[in-house]
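What the coordinates show
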Amino acid sequence: MPRMNHTLFVSASIAALLGTPGLAQDPQRRGGAPPPAAGRGGPVPRSLMQTAPKPLVANAKPVRTCESLASVALPNTTLESAAVDANNPTICRITAITTHPPAGDKVRIWIAIPTANWNGRFLGTGGGGFSGGNAGGVNAPVASGFAAGATDAGHTGGDAAFALDANGKLDWQAIRDFAHVGIHDMTVTGKALTEAMYGVAPRYSYFSGCSTGGRQGLMEAQRYPQDYNGIASAAPAINWTNLIVQSLWGSMLMNNGSNPIPACKLAAATAAAVTACDANDGVKDDVIEDPSRCTYDPKALVGTSAGDCGTFTQADADIIRKLWDGPRREDGGPLWYGQSRGADLNALATSRGTPLKPAAFGFSNDWLRYFITQDPQFDWTTITPAAYQAFWDRSFEQYGIVIGTDNPDLSAFRARGGKTIIWHGWSDQLITAEGTIDYYKRVQQRMGGAKATSEFARLYLAPGVTHCAGGAGPQPTGVLDALLSWVEEGTPPDTLTATRRDQAGAVTRSRPLCQWPLVAKYRGTGSTDDAKNFVCSAPNSRP
């Protein structure tokens, strides 16, 4: 899709949205519903890695006490505390505050370092939604032997109020801290404290995150390429200024058309699309293998019953089609991609109450109130199609440079030997996978083509997987293992393994996730629940 949202007077090169390490946070669950508590964390994985990484520093032992780290001098940084975890003496926890004079900002940083059995590596973690991260983000990596870091990226809480200062004006330092500065600060501080404790710097540094965390990882590659050797980026909220306004598209359509669509109708439309396109890949498994090749039209639903929701109308079908097609300008020109057929439409465009009314996606509403209009009382229901288009353009023009995270020039990251694994669930209900494909295509164009790009950056799509984790499809596993193997042993992953497990943890289905644009195709014999019976092939070829 052409990047038609970009006005002619804006630079074509845009520098630089939403995870913890493999902890696939679900940060955008805010279609009016309250977000998860405790750092907005989402589904917890079975383990950080499939296999414990081998130590890189022989007989690594601290050269100083944990408590003595409080006296380490770091630029513009105050070390608030450094103490051994009272519940786990094998972990040293440090809290630091970094500032950027003359701004009065405060970036809070949490670092955890093993007091024994350090594996010689540092692992940075990210956040979700408008949260830069939380103190709990370091727990899984430090338990696996990594020194680890997390940060609040300059503000507390999970909404966008931080964008305005006490006078109601844009706080550009706070915005920059969230966009990219805070993660960089955390990385520099974490690696410095690890070296101070062990007398040797981490041999390799990694970043792993999903959603905002995925965006933060790719922003590191774009702006601070020396920070990390390897970056695992899942469902990355890149193209931020597009996706954050795209998420309001359905609610705006329903409101302006006076046609709120109840949740059960949207769910029925998704189910109908899955039924129509499930077997396109030759395997019937309640998953659309490649939604971009599914052309199911909701006009087939008109006049049919959706149970308690009533009968599908032509107006319902027209809006559902527009949700799948994506935002458009008033003249019909495309702005961005829509939600994939097979994704839960209710995540962004649900309706609630009696009488039924459209409900705005919470993060998009915050974006309009605090970033675009700078009016915390702004009423999203006043948005017309013309205003929506104007807000779209303003979003990109005003904030694309600072937080867009869509710069395809990764030459410095490649030159330092960096590697990145990007994956995205095809059934992501919050961030369309097609936006990630769009970015990856542009990276290929900028970095010398598909082959040259695959030498340092690879994209994998996970059919049937929702935002960061969950869904009917097998879940990606061993991503961090694959990244370490690529960085440290020079073995790039041709495929990632995806598995579906029962409640007892037994694998009930496995599939290979192929390097895009290849897809997994059934060989024609053997169980369709076993990855060995699939081969990666071009979308239109036979296995």
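Our subject in this report is the structure included herewith.

Next up on the list: the nonpolar core. In terms of nonpolar packing, the biggest core is built from 65 residues, with Phe130, Trp367, Phe371, Ile383, Tyr388 and Tyr399 touching the most fellow members. Where this core is concerned, the elements lending two or more residues are α2 (172-198), α4 (240-246), α5 (249-256), α6 (263-277), α7 (314-325), α8 (346-349), α9 (362-372) and α10 (385-403). If sequence neighbours within four positions are ignored, tyrosine 399 has contacts with Leu170, Trp172, Ile175, Thr241, Trp367, Phe371, Ile372, Gln374, Arg394 and Gly404. Formed by 45 residues, the second largest nonpolar core is a distinct cluster that contains Cys66, Trp118, Phe122 and Val443.

If you check α6, its first and last C-alpha atoms are 21 Å apart, about what 15 residues at 1.5 Å a residue would give, namely 21 Å. The set of residues buried in α6 consists of Lys265, Leu266, Ala269, Thr270, Ala272, Ala273, Val274 and Cys277. Along its buried surface, α6 packs onto α5, α7 and α8.

A few words now on the state of the cysteines. Throughout the structure, instances matching the rule amount to 5 disulfides. Residue cysteine 66 pairs covalently with cysteine 92 via a disulfide, S to S 2.0 Å. Disulfide cysteine 66-cysteine 92: torsion about the S-S bond near 80°, hence right-handed. Of the two residues, cysteine 66 is situated in the segment before β1 (77-85) and cysteine 92 in strand β2 (residues 88-98); the sequence distance between them amounts to 26 residues. On the basis of relative accessible area, cysteine 66 is assigned to the buried category, the value being 4%. With its sulfur 1.1 Å from that of its partner, cysteine 264 forms a disulfide with cysteine 309. Note on the cysteine 264 and cysteine 309 pair: the S-S dihedral is about 65°, so by sign convention the disulfide is right-handed. Placement of the pair is cysteine 264 in helix α6 and cysteine 309 in the loop between α6 and α7, with a sequence separation of 45 residues. On the accessibility criterion, cysteine 309 (16% relative accessible area) is buried. Disulfide partners in the chain, listed by the sequence order of the bonded cysteines, are 1-2, 3-8, 4-7, 5-6, 9-10.

Before going further, it helps to spend a moment on the pattern of salt bridges. In this structure the tally under the stated criterion is 15 salt bridges. Members of the salt-bridge network, linked through shared partners, are Asp297, Asp318 and Arg321.

Across the 5 residues that make up strand β7 (residues 230-234), a large majority, 5, are buried. Two strands pair when backbone bridges link them, and strand β6 (residues 204-210) and β7 are joined in this way by 5 bridges, in the parallel orientation. Bridge pairing in β7 places glycine 209 opposite serine 233. Assessed by its sense of winding, the connection that carries the chain from β6 through helix α3 (residues 212-223) to β7 is right-handed. As judged from the 5 bridges shared by β7 and strand β10 (residues 419-425), these two strands associate in the parallel manner. Bridge assignment links alanine 232 to a residue of β10, and that residue is isoleucine 421.

Parameters at a glance
Residues numbered from 1 in each chain as written. Predicted model: local features only at pLDDT ≥ 70, side-chain atom pairs only at ≥ 80, totals over all residues. Heavy atoms only, no water. Core = buried A, V, L, I, M, F, W, Y, C linked by side-chain atoms within 4.5 Å. Buried < 20%, exposed > 50% of the residue type's maximum accessible area, 1.4 Å probe, protein only. Helix = DSSP H or I, 4+ residues; strand = E, 2+ residues; numbered from the N terminus. Contact = heavy atoms within 4.5 Å. Expected span 1.5 Å × (residues − 1). Disulfide = S-S within 2.5 Å. Salt bridge = Lys/Arg side-chain N within 4 Å of Asp/Glu carboxyl O. Pairing = 2+ DSSP bridges. Right-handed = clockwise from strand over helix to strand, strands pointing away.

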